[in-house]
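# Tertiary structure, described
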Amino acid sequence: MLGNEAIARGAWEAGVKVSAAYPGTPSTEMSENLVKYDGVWAEWSPNEKVAAEVAMGASIAGVRSMVAMKCVGLNVASDPLYTASYIGANGGLVYLVADDPGLYSSQNEQDTRRIAISAHVPVLEPSDSEEARVMTKEAFEISEKYDTPVILRTTTRIAHSQCLVNLEPRVEVEDKEYTRNPQKNVMVPANAKTRHVFVIERDKKLAEDSCKFAINKVVYNDTKIGVITSGIPYQYVKEVLPNASILKLGMVNPLPKKLIEEFASKVDTLYIVEELEPVIEEQVKSWGIQCVGKDIFPLNGEYSANMLREKILGQELDLATPANAPVRPPILCPGCPHRATYNVLKKLHIHASGDIGCYTLGAAAPLSVVDTTLCMGGSISMLHGIEKAKGKDYVKNWVAVIGDSTFMHTGINSLVNMVYNQATGTVIILDNSTTGMTGHQDNPATGKMLNGEATYQVDLVDLCHALGVKNVVVADPFDQAKFEEVVKEEVARDEVSVIISQSPCALLKSYTPKGKCFVDPEKCRKCGKCLQPGCPAIKKDEATGKTIIDDTLCNGCGLCQQLCPFEAISLKKRGE
């Protein structure tokens, strides 16, 4: 199983009944697998904060519940997390948070352990898929025993790697009785003061008890070298230092101080091997224990066995010359409606305040339209800030771009803010009918739930009108002439306007390609107009200098056809 599959299995085996999440790589597959099991309500929520609150409600009601997100999603969910730590758990409450060392799909390399320490929440960290399954079950037990939410921290390498997993039956956990208890569950200041004292004592108890937890394992071999590690780096340590003594931490917050002190006293040189922040290292050094950590290991990126060989053993690796593979930069797919939208914006020399999604790729050449990307929902608020900083005329050549799922996530409040504060600016909602970047998940604007059932579909036009936006236009970006007219008209307004750029993602199962475009070489004049949007299905023939279209990639969106001034490109429709 993949790590994410194993976590879903572990949650089901543990008797979880409610799961809420917002899709975010590398955590997404957990929810997509958990929804397949009977006896579990699993949903996509509009954002991670809502998901965390759903899981908290289920926990207070007395059932085991789970919430899943990627690392930056925890920023959105940190508001409920910090207070959930004070309230604790009735039914077990587990946060799956997937960090992204190496920045494969995130805008920063944050370390969830830092947030957990600040929030006083215990963290378990598996090293493979089987441990992910087992530790998920252990997390629910710890949550209920110690009256606390528990974070299960994974990384991209754990989430998306496979190993053999042992399957066990589901344990039908009896629901905990709900008893009204405002002193515990209503966090007004007077109650929170008392609960904070409880949390401090809980930390001490966990740190003491974790010295005996089976998930914290000590193996003594050659004591010249001792290593404290956790998560995927444990696998690299085992490979590079098979004879070293190892303290493998399954619980990385709070740390088992006495266990660490005992281990450190028995080894000559102590290494701390942990990806990203020196969380373990700093605490160990604060106890007066000498160790080697970030003074030789990097603070960024994924670790590897080769890196440890170099840093610890001083081996210069004689690796084979890598294959001269062609560079494959991330690029919008053939037929992507975002490309059509950006082609108009580029033609009109309009800057785009960008957001998180596939459409962030509009920052790259040859489109080069997106100027900023900060966080989910940030494009609209940043456009508002630009207008308030520089004036109404300045934003006549700016727009905010945001996907339909991201608009549901945190864009709505930002649009409310623009209307409320009498802003000027145009927001383009890139409605491709899916959450594309994370693998085509549904959201409140698609009309389907995580389990595939039909549900109420939010009408984006009605929603924007309800928020106070008078001018809302739906336009097909593949009708380039009409879309250009719409953009010109809307950016010229002295009030907030919304363009819904509506066309489905070309990779949706429900999408039917129009056909295949082809070039008549007799009509092609080598002007290159069709190459400007950067469609990967189109390239220049090096021998003739004329355009050719790869029919294995083309889906007949027709963008290139509209751009050709010599009518050299035609569409062969499906079935012809």
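Structure shown above.
We now turn to the structure provided with this report. (Residues numbered from 1 in each chain as written. Predicted model: local features only at pLDDT ≥ 70, side-chain atom pairs only at ≥ 80, totals over all residues. Heavy atoms only, no water.)

Within the protein chain, the secondary structure is distributed over 19 helices and 21 strands. Judged by the C-alpha coordinates and their principal axes, the protein chain covers about 80 × 65 × 50 Å. When each of the 576 residues of the protein chain is scored for burial, the buried share is 54%. Positive and negative side-chain charges of the protein chain, numbering 60 and 71 respectively, have mean locations separated by a distance of 2 Å. (Helix = DSSP H or I, 4+ residues; strand = E, 2+ residues; numbered from the N terminus. Buried < 20%, exposed > 50% of the residue type's maximum accessible area, 1.4 Å probe, protein only. Lys, Arg positive; Asp, Glu negative; His and termini not counted. Charge placed at Lys NZ, Arg CZ, Asp CG, Glu CD.)

Let us now look at unusual backbone geometry. For the peptide bond that leads from Thr25 to Pro26, omega is 15°, which places it in the cis range. If you trace the backbone, Pro26 turns up in the loop between strand 1 (18–21) and helix 2 (28–34). One non-glycine residue with positive phi stands out, namely His349, at about 60°. Topologically, His349 is positioned in the loop between helix 14 (337–347) and strand 12 (351–354). Although it is not a glycine, Ser433 adopts a positive phi angle of roughly 65°.

What follows concerns the pattern of salt bridges. Considering all chains together, one arrives at 35 salt bridges under this definition. For Arg9, the salt bridge identified is with Glu13, shortest N-O distance 2.8 Å. Taken together, the residues span about one helical turn, with Arg9 and Glu13 both in helix 1 (residues 3–13) at a distance of four residues. Residue classification places Glu13 among the buried positions, given a relative accessible area of 0%. Put simply, Glu172 and Arg170 hold a salt bridge, and the shortest N to O gap is 3.0 Å. By sharing partners, the salt bridges in this structure join Arg9, Glu13, Glu130, Arg133, Lys137 and Glu168 into a single network. (Salt bridge = Lys/Arg side-chain N within 4 Å of Asp/Glu carboxyl O.)

If you look at helix 16 (residues 404–420), its biggest bend is around 70°, right at Thr410. Remark: Gln422 follows helix 16 within two positions and exhibits a positive phi of approximately 50°. (Bend = angle between axes of the 7 residues up to and from the residue.)

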